Amino acid sequence: RDSDSRSIGDGHSDEHLVTGDMVPPPEVLEMLGVPSMFPMIGGHEGSGVVEAVGAGVDNVAPGDHVIMGWPYCGTCRNCIRGQHRYCLNIGPELLAGVRLHGPDAGTSAYTRADGSSLSGHFFGQSSFATHSLTRANAVVKVDKDLDLALLGPLACGITTGAGAIFHTAQPGPGESVVIIGAGAVGLAAVMAARNTPAATTIAVDLQDNRLELAEELGATHTVNSGDTDMLAAIAEICGGPADHVLDCTGNIQVIEQAADA
């Protein structure tokens with residue numbers, strides 16, 4: 001949080017930006033006419049107060065409190081289907097470093113104190129700046145009574161875990177959900193699963209303190225995979241394979257185990 005009117009989460013994608021692991025392919029940069037995306041302003045978990053809106057924007061107004069989510073093109077087949085998270089143009093939308101739409105397409109709205117330009121629009125917002133420019137389709141209005149300082153991470157980590165439960169797994173009555181990795185994404189999935197008809201929610205992690213928090217947030221069972229056979233424990237709790245398994249680690253070996261579970 002850097003003021004009373006904004007909050008910013010520091011997510012894993014920002015770390016990837018710093019290490020150089022999140023760079024558009026050369027052909028994308030060539031297509032956009034951008035020689036390099038660096039230096040770039042990061043930040044992709046922002047919330048704040050709207051100061052101004054462009055022509056035609058009617059879903060938010062100055063003074064509204066908002067969370068800034070991911071941008072999407074709105075015209076590809078997946079966007080038309082309502083699957084904005086699978087936008088076919090998501091790479092440029094997140095990482096081009098410049099505006100992609102409108103009369104100023106191909107230019108950055110972000111400048112240094114001396115007025116010189118630098119790349120921005122990271123994940124459609126670059127919320128590590130003093131002001132962020134985003135598109136209307138990427139903001140969600142929130143109640144002004146909510147503390148903005150708590151809302152930044154809702155823009156990515158929290159909605160990733162909860163969204164996977166509510167929109168993809170959609171567990172039914174009596175079903176079981178296994179969530180591997182009890183970090184921010186996994187704990188969000190635990191909270192979401194608690195608010196579904198699922199009967200069993202199993203949180204798996206290597207750290208007992210995370211598993212204790214998962215229980216507080218709604219997990220019916222926990223498994224420390226550092227000292228317990230995860231697959232055997234899941235099979236015993238569920239009486240066989242689980243109905244839904246969500247990996248929140250990104251570890252290939254763990255994803256293979258998730259498939260086995």
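Our structure is the block above this text.
The following refers to the structure shown. Please read all numbers here as calculations on a predicted model, not as lab measurements.

Considerations on the nonpolar core
Ile 165 and Ala 203 are the most contacted members of the largest nonpolar core, which totals 17 residues. Within the residue set of this core, elements represented by two or more residues are helix H5 (157-169), strand E5 (176-180), helix H6 (184-194) and helix H7 (208-216). Looking at which element gives the most residues to this core, the answer is H6, with five residues. Setting aside its immediate chain neighbours within four residues, Ile 165 contacts Gln 170, Pro 171, Val 177, Ala 189, Ala 192, Ala 193, Thr 196 and Leu 246. Grouped together as the second largest cluster of nonpolar side chains are twelve residues, Ile 202, Val 223, Ile 234 and Ala 261 included.

Topic: the pattern of salt bridges
Scanning the model with the defined rule gives three salt bridges in all. The closest approach of N and O atoms between Lys 141 and Asp 64, which form a salt bridge, is 4.0 Å. Pair noted here: Lys 141 is in strand E4 (residues 139-142) and Asp 64 is in the loop between strand E2 (45-49) and strand E3 (65-68), with a separation of 77 residues, a long-range link. When its relative accessible area of 13% is taken as the criterion, Asp 64 is described as buried. Put simply, Asp 205 and Arg 210 hold a salt bridge, and the shortest N to O gap is 3.7 Å.

Conventions adopted
- Residues numbered from 1 in each chain as written.
- Predicted model: local features only at pLDDT ≥ 70, side-chain atom pairs only at ≥ 80, totals over all residues.
- Heavy atoms only, no water.
- Core = buried A, V, L, I, M, F, W, Y, C linked by side-chain atoms within 4.5 Å.
- Buried < 20%, exposed > 50% of the residue type's maximum accessible area, 1.4 Å probe, protein only.
- Helix = DSSP H or I, 4+ residues; strand = E, 2+ residues; numbered from the N terminus.
- Contact = heavy atoms within 4.5 Å.
- Salt bridge = Lys/Arg side-chain N within 4 Å of Asp/Glu carboxyl O.

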